[in-house]
Amino acid sequence: MFRSRRNTSNLQVFAATVEQILLTVGIDPQQARMSTQEGFGWSFRRGSAVIEIYISQQDSTGYLQVLAPMLHLPATGLLPLYRRLLELNLQLTNAALGVYLDVVYLFSERPLEGLDANEANTLINLVATYADELDDKLMEEFGGRLYGRI
């Protein structure tokens, strides 16, 4: 029981750090908060991209997850798109592209242990910048629909 409280408290400390980071980039953390089953979450827009941040615990390890659902897969031409995603993965630092269901995601995940505010800020801004740059380019090149657009 003590361990569980300690881990929850640890998540709260990192959540406060994320909220401070959001404030410094002009995002109201209270408006950006998302309801999560376990842990903490925020969602905001950077340009055309939707950015989601999660502080959560899996087993006994806490994680910072920053992800951007970018593009709904087009109806055709998936093989060239998948190849392009793999090529882009070689060019990204501390982030990767993947597909879940019908959405292309950009994501980064890191254990909380040893994480400081500067590194968290760097990961959040890195994913947000990559996503805002790549979502429009991928849509123009392969079709599909930007995430969150009708």
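Below is a summary of the structure that appears in this document. Quick caveat, the model's predicted, so the values are computed rather than measured.

With that out of the way, let us pick up helix H3 (residues 78-89). With 12 residues, H3 should reach 16 Å at 1.5 Å per residue; the first-to-last C-alpha distance of 16 Å fits that figure. Turning to H3, its buried residues number three or more, namely Leu81, Leu85 and Leu88. Projected onto a plane normal to the axis of H3, the buried residues spread over an arc of 65° and lie on a single side. Across from the buried face of H3, at angles greater than 90 degrees, the exposed residues are Leu79, Arg83 and Leu86. Along its buried surface, H3 packs onto strand E5 (96-100), strand E6 (103-111) and helix H4 (117-142).

Further remarks concern the pattern of salt bridges. Taken as a whole, this structure holds 5 salt bridges when the rule is applied. Linking Glu87 and Arg84 is a salt bridge whose minimum nitrogen-to-oxygen distance equals 3.9 Å. Here the residue Glu87 and the residue Arg84 both occupy positions in helix H3, the gap between them amounting to 3 residues, near one helical turn. Accessibility expressed as a relative area gives 25% for Arg84, which makes it partly exposed. The residue Glu141 makes a salt bridge to Arg84 at a minimum N-O spacing of 3.6 Å.

What follows concerns unusual backbone geometry. Unusually for a residue other than glycine, Asp59 sits at a positive phi of about 60°. Its location among the elements puts Asp59 in the loop between strand E3 (49-58) and strand E4 (61-72). Take Asp59: its relative accessible area is 79%, and that puts it in the exposed class. Positive phi, normally seen in glycine, also occurs at Asn94, with a value near 55°. Along the chain, Asn94 turns up in the loop between H3 and E5. Taking the relative accessible area as the measure of exposure, Asn94 reaches 52% and is therefore exposed.

Time to look at the nonpolar core. If you look at the biggest cluster of nonpolar residues, it comprises 41 residues, and the most contacted ones within it are Ile51, Ile53, Leu64, Met70 and Leu106. Mapped onto this core, the elements with two or more residues apiece are helix H1 (2-24), strand E2 (40-46), E3, E4, H3, E6 and H4. Tallying contributions element by element places H4 first for this core, with 11 residues. Setting aside residues up to four positions removed in sequence, Ile53 forms contacts with Val18, Leu22, Phe40, Gly41, Trp42, Phe44, Leu64, Gln65, Val66 and Ile124.

This part is about the environment of Glu19. One can find Glu19 in helix H1. C-alpha of Glu19 to C-alpha of Tyr130: the two residues are 111 residues apart in sequence and 21 Å apart in space. Among residues more than four places away in sequence, those in contact with Glu19 are Pro29, Arg33 and Trp42. Polar contacts involving the side chain of Glu19 include one to the side chain of Arg33, which spans 2.7 Å.

Time to look at the side chain of Ser56. Of note, Ser56 is situated in strand E3. A relative accessible area of 11% places Ser56 in the buried class. Not counting residues up to four positions away in its chain, the partners in contact with Ser56 are Leu11, Glu38, Gly39, Thr61, Gly62, Tyr63 and Gln65.

What counts and how
Residues numbered from 1 in each chain as written. Predicted model: local features only at pLDDT ≥ 70, side-chain atom pairs only at ≥ 80, totals over all residues. Heavy atoms only, no water. Helix = DSSP H or I, 4+ residues; strand = E, 2+ residues; numbered from the N terminus. Expected span 1.5 Å × (residues − 1). Buried < 20%, exposed > 50% of the residue type's maximum accessible area, 1.4 Å probe, protein only. Arc of directions from axis to C-beta. Contact = heavy atoms within 4.5 Å. Salt bridge = Lys/Arg side-chain N within 4 Å of Asp/Glu carboxyl O. Core = buried A, V, L, I, M, F, W, Y, C linked by side-chain atoms within 4.5 Å. Polar contact = N/O pair within 3.5 Å; in protein donor to acceptor, adjacent residues only side chain to side chain.

Any link to function would need more than the numbers given here.
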